[in-house]
Amino acid sequence: MTRESTGMKRRSFLGWGTAGLVALCSAVGISLGAVVRFLTPSVFYEPPQTFKIGNPGDYPFGQPTFLADEKIFVFRDRDKGFAVASGVCTHLGCTVAYFQSDQRFHCPCHGSVFNADGTVIHSPAPRPLEWFEVTLARDGQLNVDKDKIVLPTYRLMV
Ligand code: FES
């Protein structure tokens with residue numbers, strides 16, 4: 001065996017050794033990534049479900065007020081008080097519009113129609129619109145809790 005061929009074998013061995021080391025490090029890195037991913041909770045952070053929407057006097061009687069950020073309709077009736085309806089269609093989540101002319105909610109996406117109390121009168125929406133609890137906070141503002149679903153007949157008298 002010549003000195004040259006021994007050097008070639010050594011270089012070849014070092015080349016394969018380096019490749020093996022790189023492959024091992026890659027496998028360990030990928031495995032660690034998978035472990036970190038497994039240990040990290042897959043939670044989607046939502047905006048707060050309880051929030052204040054201002055003072056009762058901010059809302060007119062009759063026509064509901066739509067709050068776009070919260071996607072809710074705030075109804076204020078002189079005799080019945082406050083009620084808050086979801087503006088999210090129960091079909092695929094589009095935002096509904098309320099028409100005072102027929103006192104119904106209409107979804108622009110696929111044509112669902114809801115009565116003023118949120119019940120479905122035209123599909124494809126599978127369920128009525130939700131109504132949320134509205135209370136009066138200590139500071140005098142209205143407080144809406146989207147985690148508390150109430151009957152459409154629920155009212156807050158202020
Ligand atoms: Fe409202 Fe489809 S999202 S009808």
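Description of the structure in this document. Predicted model, so just to flag it, every value in this text is computed and none were measured.

1. A few points about the overall build of the chain
In terms of helices and strands, the chain carries 1 helix and 10 strands. Secondary structure elements in the chain, listed N-terminal to C-terminal, are α-β-β-β-β-β-β-β-β-β-β. Split into buried and exposed, the 158 residues of the chain put 27% on the buried side. A fraction of 37% describes how many contacts in the chain between residues 6 or more apart in sequence connect residues 24 or more apart. Here the chain displays about 10,700 Å² of accessible surface, and carbon together with sulfur accounts for 60% of that area.

2. Description of the packing of aromatic side chains
Taken as a whole and judged by the stated rule, the model has 7 aromatic pairs. Taking 5.2 Å as the distance between ring centres and 65° as the angle between the ring planes, the aromatic pair formed by Phe-73 and Phe-105 counts as edge-to-face. In this pair, Phe-73 sits in strand 3 (residues 72-77) while Phe-105 sits in strand 6 (residues 104-106), placing the two residues 32 residues apart along the sequence. Judged by its relative accessible area of 4%, Phe-73 falls in the buried class.

3. Some points on the sheet that holds strand 2 (residues 65-67)
Ordered by their spatial adjacency, 6 strands build an open sheet running 1-10-9-4-3-2, and the pairing between neighbours is antiparallel. At either margin of the open sheet sits one strand with a lone partner, and together these are strand 1 (50-52) and strand 2. On average, adjacent strands in this sheet sit at an angle of 30° to one another, irrespective of strand direction. Here strand 4 (residues 81-86) pairs with strand 9 (residues 131-136) via 2 bridges, running antiparallel. Paired with Ala-85 across the strands is Trp-131, a residue of strand 9.

4. Some thoughts on the state of the cysteines
Joining two cysteines, a disulfide is a covalent bond between their sulfur atoms. According to the stated counting rule, one finds 1 disulfide in the structure shown. Residue Cys-94 pairs covalently with Cys-109 via a disulfide, S to S 1.9 Å. Between Cys-94 and Cys-109, the S-S torsion sits near -95°, and that sign places the bridge as left-handed. You can see Cys-94 sitting in the loop between strand 4 and strand 5 (97-99) and its partner Cys-109 sitting in the loop between strand 6 and strand 7 (113-114), a full 15 residues away along the chain. What makes Cys-109 partly exposed here is its relative accessible area of 37%.

5. Looking at the pattern of salt bridges
With the rule as written, the count across this model stands at 2 salt bridges. With its nearest N and O atoms 2.9 Å apart, the salt bridge here joins Lys-52 to Asp-139. On the criterion of sequence distance, the pair formed by Lys-52 in strand 1 and Asp-139 in the loop between strand 9 and strand 10 (142-150) is long-range, its members being 87 residues apart. A residue is classified by how much of its surface remains accessible, and Lys-52, at 44% relative accessible area, is partly exposed. The exposure class of Asp-139 is partly exposed, given its relative accessible area of 43%. Lys-148 is the partner of Glu-133 in a salt bridge, and the nearest nitrogen-oxygen pair spans 3.9 Å. Of this pair, Glu-133 sits in strand 9 while Lys-148 sits in strand 10, and the two are 15 residues apart along the sequence.

Rules used in this analysis
- Residues numbered from 1 in each chain as written.
- Predicted model: local features only at pLDDT ≥ 70, side-chain atom pairs only at ≥ 80, totals over all residues.
- Heavy atoms only, no water.
- Helix = DSSP H or I, 4+ residues; strand = E, 2+ residues; numbered from the N terminus.
- Buried < 20%, exposed > 50% of the residue type's maximum accessible area, 1.4 Å probe, protein only.
- Contact = heavy atoms within 4.5 Å.
- Areas by Shrake-Rupley, 256 points an atom, 1.4 Å probe, with all protein chains shown as cover.
- Phe/Tyr/Trp six-rings, centres within 6.5 Å; stacked < 30°, edge-to-face > 60°.
- Pairing = 2+ DSSP bridges.
- Axes fitted to C-alpha atoms, helices over the stretch in contact; angles between N-to-C directions.
- Disulfide = S-S within 2.5 Å.
- Salt bridge = Lys/Arg side-chain N within 4 Å of Asp/Glu carboxyl O.

Distances and angles like these do not, on their own, reveal function.
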